[in-house]
Number of protein chains: 2
Amino acid sequence: MLINVPETVVADALRGMAAAHPELTVDVENRVVVRRDAPMAGKVALVSGGGSGHEPLHAGFVGPGMLTAACPGEVFTSPVPDQMVRAAAAVDSGAGVLFVVKNYTGDVLNFDMAAELAEDEGIQIAKVLVDDDVAVTDSLYTAGRRGTGATLFVEKIAGAAAEEGRPLERVESIARRVNERSRSFGVALSACTTPAKGSPTFELAPGELELGIGIHGEPGRERRAMMTSREIADLAVDAVLDDLRPDGPVLVLVNGMGATPLLELYGFNAEVQRVLGERGVPVARTLVGNYVTSLDMAGCSVTLCQADEELLRLWDAPVKTPALRWGR
Amino acid sequence: MLINVPETVVADALRGMAAAHPELTVDVENRVVVRRDAPMAGKVALVSGGGSGHEPLHAGFVGPGMLTAACPGEVFTSPVPDQMVRAAAAVDSGAGVLFVVKNYTGDVLNFDMAAELAEDEGIQIAKVLVDDDVAVTDSLYTAGRRGTGATLFVEKIAGAAAEEGRPLERVESIARRVNERSRSFGVALSACTTPAKGSPTFELAPGELELGIGIHGEPGRERRAMMTSREIADLAVDAVLDDLRPDGPVLVLVNGMGATPLLELYGFNAEVQRVLGERGVPVARTLVGNYVTSLDMAGCSVTLCQADEELLRLWDAPVKTPALRWGR
């Protein structure tokens, strides 16, 4: 691993992020990353966070049109409520703050506590829980479904609504709608190695893959002998469509888990698009890349979001963050 | 690997790229990726290309403010002259075409031949050779220095000059200046696996790293026991500064080789910035990410470019490609 010692991995990364992104305010000591121009007068702020190791999620999504602040925890470990309260206080303009929470037990508990503490300080808080992963219900770290790729859709689309000046209850309801209309399924071709452990989190032989994987190396649905890109796309897209059944155009995220080359991800996208075509699902927009990762895990996930006209317009709205940028 | 069969990896990726990027024209059969709005009246066009496996380089850099077209070869194999001529013909507005060529023997020979063929067709061609890697002179695939990370600087800055409407000889001289002022040094923490071979290109034990690596798994300067991020930054930056000796601010590219998590890359950037500070080298801009990769290799490279006022202004100019976007 390209690190000094496991204990300083997150702080080192935040120092490096501060140096590369002068448009962000990075509080290394307290582990809060904030848009430099926050708070934005009259606008709702979005705060998210979670364990580190999923970069660019979340700090790489801080900027105009997406998150207002992010709180990175230790690797694969929830941030603490103090970070969340600090972030909320730094970005609240008086219009309130939406917490975007991936459904992991630690994150849920800590964001709940942070919401109470922030409200005690007079900050209006709303929360949206992201739970899009159809692979398993109840996993190692979660009661109910895990939050994975749809987090990107929620943060982008709700962030655009906040940027437009929508009130908190409206931003919250849009975020909720995005989550309700999104589903994901992931596959691991290798395990990941956490800095603290220094060895793979589980054993996966070179000729095997794990279907229905989460983003922390936790177990999936089943292990199989290696499959082709075509077979994996059939299985992953059908798993999502079994649950989502969209009756209109979808947003597609073909996401890499960290170590899968972009060459392979684009090839996999061709197969995902083929399956969607065969199933009669029209595609509105497609994003391909390593966005919601699991350290150095090889593998991929597919997230679909059934987009109505409003969601599509908000998806297309300008965004300007380290990892996601388009428009003006 | 997330593939169907090795024989279709490049074609599959191009089909997936076409689906994700309607702003590009992707000729899958002939392996040419072109800006949809090319040719641009009165403007010089930039064409680059090389072996696949380095994504997002080059096709991910096609768009306003950077490349006009890219020609991907097979994995780690030069594209053929026919692709380059086809690309040049597709993008030439009459103002001429600049070929951006990484210094590998196959690429150099094929771009030379393509230049002759294109000129026979009445297209004015200029060429710039990128050879920024200070690690080794004469490697497995190269006479002289290899072309690595500086390719991104050359394509971005010369692309901005072309977008401004500068004439061919001026775009060429700017490209040449960027290359002359850029140096790189890379480190591998693992080997990469090509689809055709299906196993690592060389043996590197978990506790070892290879210093001075190229982007094809070719040998570097030496093998050592694992070092810390701090030690690697000292060694890599000093190797670059031994050769570059900048007397003004630099552009910094902290580049991942494909499988190194962004968390680690940002941490490494903190160390790179520390060394530059200690050596008295001011930093103008920093870019961190997986841009010039080597399939699923873990590792990183540092590229510095001594930027004068004009190069800095061109670096900051708007760019709108799949992998690099900023500005209007």
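Residues numbered from 1 in each chain as written. Chains lettered and ligands numbered in written order. Predicted model: local features only at pLDDT ≥ 70, side-chain atom pairs only at ≥ 80, totals over all residues. Heavy atoms only, no water.

If you look chain A up in an unreviewed UniProt entry, it shows as phosphoenolpyruvate--glycerone phosphotransferase from Streptomyces purpureus.

Right, let's talk about the domain arrangement of chain A for a bit. All names here are of chain A. When the domains of chain A are assigned, the result is domain 1 (6–181) and domain 2 (182–315). The centre of domain 1, based on its C-alpha atoms, is set 22 Å off from the matching centre of domain 2. Domain 1 puts 41 residues into the contact, and the matching count from domain 2 is 42 residues. For the pair domain 1 and domain 2, the summed buried area comes to about 3400 Å², and 61% of that belongs to carbon and sulfur atoms. Area buried by domain 1 at its contact with domain 2 is led by F76, F153 and R181, which between them contribute 21% of it. Inspection of the region where domain 1 meets domain 2 yields seven salt bridges. Measuring nitrogen to oxygen at the nearest pair gives 2.8 Å for the salt bridge that ties E310 to R177. Along the contact surface separating domain 1 from domain 2 lie 23 residue pairs in polar contact (both at pLDDT 80 or more). Elements supplying a minimum of two residues to the side of domain 1 that touches domain 2: α4 (150–163) and α5 (168–180). (Domains from an automatic or database assignment. Contact = heavy atoms within 4.5 Å. Buried area = accessible area lost by both parts, 1.4 Å probe. Salt bridge = Lys/Arg side-chain N within 4 Å of Asp/Glu carboxyl O. Polar contact = N/O pair within 3.5 Å; in protein donor to acceptor, adjacent residues only side chain to side chain. Helix = DSSP H or I, 4+ residues; strand = E, 2+ residues; numbered from the N terminus.)

Bringing the sheet that holds strand β12 (residues 299–306) of chain A into the picture now. Residues and elements named next belong to chain A. If you walk across this open sheet you meet the six strands as β9-β8-β7-β12-β10-β11, and the pairing is mixed. Sheet topology places β9 (222–225) and β11 (283–289) at the edges, where each strand pairs with a single neighbour. Each adjacent strand pair in this sheet contributes to an overall mean axis angle of 20°, direction not counted. Its contacts with the sheet put α5 on β7 (182–188) and β12, and the angle it makes with β7 is roughly 50°. (Pairing = 2+ DSSP bridges. Axes fitted to C-alpha atoms, helices over the stretch in contact; angles between N-to-C directions.)

Let us now look at the side chain of H21 of chain A. As for its placement among the helices and strands, H21 of chain A is situated in the loop between α1 (9–20) and β1 (24–27). Here H21 of chain A falls in the buried class, since its relative accessible area comes to 11%. In this structure, H21 of chain A is in contact with P322 of chain A together with Y266 of chain B, ignoring residues within four places of it in sequence. (Buried < 20%, exposed > 50% of the residue type's maximum accessible area, 1.4 Å probe, protein only.)

On to the relation of the copies chain B and chain A, then. Between the two chain copies there is a screw-like relation: a rotation about an axis and a shift along it. The two copies are related by a screw motion: chain B maps onto chain A through a turn of 180° and a shift of 0.0 Å along the axis, at an RMSD of 0.0 Å. Those values place the two copies in the arrangement expected of a two-fold rotation axis. Relative to the rotation axis, the C-alpha of A259 of chain B is the closest in chain B, positioned 2.0 Å from it. Here 100% of the interface residues in chain B have copies in chain A that are interface residues too; the copies meet face to matching face. (Least-squares fit on C-alpha atoms with pLDDT ≥ 70 in both.)

Across its 13 residues, helix α5 (residues 168–180) of chain B extends 18 Å between first and last C-alpha, which sits within 8% of the 18 Å expected from 1.5 Å per residue. Those residues of α5 of chain B not exposed but buried are L168, V171, I174, A175, R177, V178 and N179 of chain B. (Expected span 1.5 Å × (residues − 1).)

For the rest of this paragraph, the subject is the packing of helix α7 (residues 262–278) of chain A against helix α1 (residues 9–20) of chain B. Contact geometry of α7 of chain A with α1 of chain B gives a least axis separation of 7 Å together with a crossing angle of 65°. As the angle between them shows, α7 of chain A and α1 of chain B are arranged roughly perpendicular. Note on packing geometry: the crossing formed by α7 of chain A with α1 of chain B is left-handed. For the pair α7 of chain A and α1 of chain B, contact is made by L263, Y266, G267, N269, A270, E271 and Q273 of chain A and by V9, D12, A13, R15, G16, M17, A19 and A20 of chain B, respectively. Considering only residue class, the contact of α7 of chain A with α1 of chain B consists of eight nonpolar, four polar and three charged. (Parallel < 35°, antiparallel > 145°, perpendicular 65-115°, else oblique. Left-handed = near helix turned anticlockwise from the far one by under 90°. Nonpolar A, V, L, I, M, F, W, Y, C, P; charged D, E, K, R; others polar.)

Residues and elements named next belong to chain A. Helix length check: helix α6 (residues 229–244), at 16 residues, gives a terminal C-alpha distance of 22 Å against a target of 22 Å (1.5 Å per residue), a fit within 8%. Among the residues making up α6, those that are buried are S229, I232, A233, A236, V237, A239, V240, L241 and L244. Where α6 is buried, its residues contact β7, β8 (208–211), α7 and β12.

Another aspect to go through is the pattern of salt bridges. Here the idea is simple: oppositely charged side chains can pair when their charged atoms come close. For the structure shown, the criterion picks out 58 salt bridges over all chains. For E210 of chain A, the salt bridge identified is with R223 of chain A, shortest N-O distance 2.9 Å. With E210 of chain A in strand β8 and R223 of chain A in strand β9, the pair connects residues that are 13 residues apart, well separated along the chain. With its nearest N and O atoms 2.4 Å apart, the salt bridge here joins D112 of chain B to K127 of chain B.

A separate point is the pairing of strand β7 (residues 182–188) of chain B. Residues and elements named next belong to chain B. Counted residue by residue, β7 has seven buried out of seven residues, so it is predominantly covered. Neither face of β7 is exposed, since S182, S184, G186 and A188 on one face and R183, F185 and V187 on the opposite face are all buried. Here seven bridges tie β7 to strand β12 (residues 299–306), and the two strands are oriented antiparallel to one another. Opposite R183, over in β12, you have L304 as the bridge partner.

Contacts between the two partners involve 49 residues from chain B, matched on the other side by 50 residues from chain A. Counting the surface lost from both chain B and chain A, the interface buries some 3800 Å², and carbon and sulfur atoms represent 65% of this. Of all residues in chain B, L2, L263 and Y266 of chain B bury the most surface against chain A, accounting for 23% of the area lost on that side. Our count for the contact surface shared by chain B and chain A stands at two salt bridges. Across the pair R15 of chain A and E271 of chain B runs a salt bridge whose closest N-O atoms are separated by 3.7 Å. The interface formed by chain B and chain A contains 14 residue pairs in polar contact (both at pLDDT 80 or more).

The next thing to look at is the packing of aromatic side chains. Summed over the entire model, instances satisfying the criterion amount to six aromatic pairs over all chains. Among the aromatic side chains, those forming a connected cluster through ring pairs are F153, W315 and W326 of chain A. (Phe/Tyr/Trp six-rings, centres within 6.5 Å; stacked < 30°, edge-to-face > 60°.)

This part is about the nonpolar core. L98 and L152 of chain A together with L98 and L152 of chain B are the most contacted members of the largest nonpolar core, which has 205 residues in total. With sequence-adjacent residues up to four places away left out, L98 of chain A is seen in contact with V44, A45, L46, V47, A126, K127, V128, A158, L168, V171, E172 and A175 of chain A. (Core = buried A, V, L, I, M, F, W, Y, C linked by side-chain atoms within 4.5 Å.)

This part is about the packing of α5 of chain A against helix α8 (residues 309–316) of chain A. Residue and element names in this part refer to chain A. Where α5 meets α8, the closest approach of the two axes is 11 Å, and the angle between their N-to-C directions is 100°. Considering the angle they form, α5 stands roughly perpendicular to α8. Of the residues in α8, those touching α5 at R170, I174, R177 and V178 are E310, L311 and L314. When grouped by side-chain class, the residues that make up the contact of α5 with α8 number four nonpolar, no polar and three charged.

Residue and element names in this part refer to chain B. Relative to the helices and strands, T321 resides in the loop between β13 (319–320) and β14 (325–326). With 247 residues separating them along the chain, T321 and E74 place their C-alpha atoms 22 Å apart. If we skip the residues at most four places from it in the chain, T321 touches G60, F61, V62, G63 and M66. Engagement of the side chain of T321 in a polar contact is seen with the backbone oxygen of G60, the distance being 3.1 Å.

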